[in-house]
Amino acid sequence: MKILMVTTELMPFAKVGGLADAVSALALALSKKGNDVRIVMPRYYKIDRNNLKKIPGAMGVHLGANETWVEVYEKKLSPSKALVYFIDHEESFGRDGIYGTTGEPDFLDNPKRVSLLANAAFQICRKQGWIPDVIHAHDWGAGLIPALLKFNERHSSSEFKNTASVFTIHNIGYQGIYSKYFFEDTGLGWENFYASGIEDWDKINFLKTAIVSADKITTVSEKYSQEIRQREYAFRMEEILNYRKDDLSGILNGVDTSIWNPAKDKLIPYQYSVKNIEEKAKNKTALQKKMGLPVDDSVPLFAMITRLADQKGIGELFGPSYGSAFKICSDIKLQMVVLGSGESWCENELNSLSQRLPNLKVYIGYDEALSHLIEAGSDFFLMPSRYEPCGLNQMYSLLYGTLPIVRNTGGLADTVENYNEKTGDGTGFVFEHLSPQSIYDTVGWASYAWYNKKEHIRKMQLRGMKKKFGWNIAADKYLEVYTSAIEKL
Ligand code: ADP
């Protein structure tokens, strides 16, 4: 199948969050299965042109009444045959930041930038004489793709008349809402700008645009595909998603097991597997030493690696007035390690808490190597997310024999089986409501099991480590969705 992906993030070229990993891993898996996969993304300033191959001739892209000239570069997505096209336009992408910078978190001209990306995607297909069977657009940054295909490009005499669109929602909390002042740039006609169409209270909403126009819609776990039809989780998109429910499905992201495998992980001092799980304790010692905690295997070590954002339950854990971390670390005999960066109030609060609590150690920043050591060296992993479309760390934790403590939401609910105190079955600890008390109680419950039910803890660790989260399964499911989108035409 000929598959075109359109995205604003792609590993290893540009990453803000899990989107970059997911698109890249999916493209690799689909390519490995023999599909002709190509990807369109911006050539951000950070991506060195010298490492790319230029496609000869500038390319004109219509943006409303204007024509914009761009250069296009290409490069293989290693290690596969998938080809990435980079849209190079100095004015739009020749700057630091993908969606914004610290000083300007959301670039004012983002609507123009994503309009250029989407329109250029169709143009590069024409230019290369390569017309995809399906275009798979990811998140709001590529949200115009399904609408441009449906309303402009897919008419009876067009080369795109047999092309279908699939749109994946990686996080519905980010929708790309902007002034209609930029609408002309999208290339769409004003006849589409109405409330039950792509308009959102007199503004452009790129995510909604995709939801109303894509042939099929997916999101990154089964549970999240149900949750985003409810008001609590939908960020106002519940009605339109309920209307589109027959075309909506959830496909769990995979894990890149060439990177996240405790038996082969070069970033941890002691590799281990289900056959020699005792080695895990040596990583715990290494982690305790690294973080300045007393070396003691008898005390359970709880960890968290996260963006410090409201979505992750940080208010309930670390909020200065009512967060439960202080009480957890004071009342329960445990150690805790937090690696993260994000909202500055939380960074400050974590630093302050760690000064008051000898059993809490904090590293503010982003550190890939430390994240591997934490996964390998901890006993429990905390993810009390308000919502979690898929979540990666709970899956890494399962594979590393580190028991996840999660809220019953999204991908967390789909991947973690709750502990059964009678049988010792399960792979982690699951709680319902996000509140400081529930987090406290669940950490207490896990600690109780640690001190009193050692055999259950070991049984759960081994069960989690045997789970399979490869991209192969996800890629097959996406191929089914692509086929059903094409059959709809
Ligand atoms: P999200 O995409 O919402 O941030 P995910 O769990 O899907 O959450 O993916 C986040 C990824 O980023 C995980 O692989 C996690 O380990 C990693 N990560 C987040 N914060 C840090 C950090 N401070 N240092 C290292 N890795 C981090």
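Keep in mind that this is a model prediction, so the values were computed, not measured.

Definitions and cut-offs
- Residues numbered from 1 in each chain as written.
- Predicted model: local features only at pLDDT ≥ 70, side-chain atom pairs only at ≥ 80, totals over all residues.
- Heavy atoms only, no water.
- Helix = DSSP H or I, 4+ residues; strand = E, 2+ residues; numbered from the N terminus.
- Rg over C-alpha atoms; globule rule 2.2 N^0.38 Å.
- Buried < 20%, exposed > 50% of the residue type's maximum accessible area, 1.4 Å probe, protein only.
- Contact = heavy atoms within 4.5 Å.
- Lys, Arg positive; Asp, Glu negative; His and termini not counted.
- Charge placed at Lys NZ, Arg CZ, Asp CG, Glu CD.
- Expected span 1.5 Å × (residues − 1).
- Arc of directions from axis to C-beta.
- 1 Å grid on protein atoms, 1.4 Å probe; cavity = no way out; pocket = protein on both sides within 12 Å on 5 of 7 lines; lining within 4 Å.
- Points joined across faces, edges and corners; volume = space filled by probe spheres on them.
- Nonpolar A, V, L, I, M, F, W, Y, C, P; charged D, E, K, R; others polar.
- Axes fitted to C-alpha atoms, helices over the stretch in contact; angles between N-to-C directions.
- Parallel < 35°, antiparallel > 145°, perpendicular 65-115°, else oblique.
- Left-handed = near helix turned anticlockwise from the far one by under 90°.
- Pairing = 2+ DSSP bridges.

1. Looking at the overall build of the protein chain
In step 1: Looking only at helices and strands, the protein chain has 19 helices and 18 strands in total.
In step 2: For the protein chain, the C-alpha radius of gyration of 23 Å lies close to 23 Å, the compact-globule estimate for 489 residues.
In step 3: Going through the 489 residues of the protein chain one by one, you find that 58% of them count as buried.
In step 4: Long-range contacts, defined here as pairs at least 24 residues apart, represent 70% of the contacts in the protein chain between residues at least 6 apart.
In step 5: Placing the 58 positive and 59 negative side-chain charges of the protein chain at their respective mean positions leaves the two points 5 Å apart.

2. Notes on helix α13 (residues 344-356)
In step 1: Along its 13 residues, α13 runs 19 Å from first to last C-alpha, staying within 8% of the 18 Å computed at 1.5 Å per residue.
In step 2: Turning to α13, its buried residues number three or more, namely C346, E349, L350, L353 and S354. Angularly, the buried residues of α13 cover 130° about the axis, an arc narrow enough to put them on a single face. For α13, the exposed residues lying more than 90 degrees away from the buried face are S344, N348 and Q355.
In step 3: In this structure, the buried residues of α13 make contact with β13 (301-308), α11 (314-318), α12 (325-331), β14 (335-342) and β15 (360-364).

3. Looking at unusual backbone geometry
In step 1: Geometrically, the link from M11 to P12 is a cis peptide bond, its omega value of 5° lying close to zero.
In step 2: Mapped onto the secondary structure, P12 falls in the loop between β1 (2-6) and α1 (18-32).
In step 3: A cis amide bond links S78 with the next residue in sequence, P79, at an omega value of -5°.
In step 4: Mapped onto the elements, P79 comes out in the loop between β4 (66-76) and β5 (83-88).
In step 5: The phi dihedral of D139 is positive, around 60°, even though this residue is not glycine.
In step 6: One can find D139 in the loop between β6 (134-138) and α4 (144-153).
In step 7: The backbone phi angle of R236 is positive, close to 80°, even though this residue is not glycine.

4. Considerations on empty space enclosed by the protein
In step 1: Summed over the entire model, instances satisfying the criterion amount to 1 cavity of 30 Å³ or more.
In step 2: Within this model, the largest cavity holds a volume of roughly 60 Å³.
In step 3: Around the largest cavity, the lining residues are T8, P42, Y44, F93, I98, Y99, N110, R113, V114, L117 and W140.
In step 4: The dominant element in the lining of the largest cavity, judged by the number of residues it contributes, is helix α3 (residues 110-128), at 4 residues.
In step 5: Looking at side-chain class alone, the lining of the largest cavity contains 8 nonpolar, 2 polar and 1 charged residues.

5. Comments concerning the packing of helix α10 (residues 280-291) against helix α14 (residues 368-377)
In step 1: Where α10 contacts α14, the two axes come as close as 7 Å, and the packing angle between them is 130°. The angle between α10 and α14 falls in the class oblique. The handedness of the crossing between α10 and α14 is left-handed. For the pair α10 and α14, contact is made by K280, N283, K284, A286, L287, K290 and M291 and by L370, L373, I374, E375, A376 and G377, respectively.
In step 2: Residue composition of the contact of α10 with α14, grouped by class: 7 nonpolar, 2 polar and 4 charged.

6. Concerning the side chain of S213
In step 1: Relative to the helices and strands, S213 is located in helix α6 (residues 206-213).
In step 2: In contact with S213, other than residues within four places in its own chain, are P146, A147, K150, F151, S165 and R244.

7. As for the layout of surface pockets
Once rolled over the atoms, a probe with the size of a water molecule shows which space is left empty.
In step 1: One number sums up the size of the second largest pocket: a volume of about 340 Å³.
In step 2: In terms of lining residues, the second largest pocket is bounded by A195, S196, E199, D200, W201, K208, R236, M237, E238, E239 and I240.
In step 3: Breaking the lining of the second largest pocket down by element, the ones donating at least two residues are β9 (199-200) and α9 (238-243).
In step 4: Its residues assigned to classes, the lining of the second largest pocket shows 4 nonpolar, 1 polar and 6 charged.

8. Quick notes on the environment of N162
In step 1: The topology assignment puts N162 in the loop between α4 and β7 (164-169).
In step 2: Distance in space between the C-alpha atoms of N162 and E487 is 9.8 Å, their sequence separation being 325 residues.
In step 3: For N162, the contacting residues outside a window of four places in its chain are D133 and L489.

9. Observations concerning the sheet that holds strand β11 (residues 216-219)
The strands making up a sheet are joined through hydrogen bonds of the backbone, oriented either antiparallel or parallel.
In step 1: Read across the sheet, 9 strands follow the order β3-β4-β5-β2-β1-β6-β7-β11-β12 without closing on themselves; strand pairing throughout is mixed. Among the strands making up the open sheet, the edge pair consists of β3 (53-63) and β12 (248-250). Ignoring strand direction, the axes of neighbouring strands in this sheet form an average angle of 25°.
In step 2: Pairing of β1 with strand β2 (residues 36-42) involves 5 bridges; the strand directions are parallel. Bridged to K2 within β2 is D36.
In step 3: Set on the sheet, α1 makes contact with β1, β2 and β6; between it and β1 the angle comes to about 170°.
In step 4: Against the sheet, helix α19 (residues 471-488) makes contact with β1, β6, β7, β11 and β12, and its axis sits at roughly 135° relative to β7, the strand it touches most.

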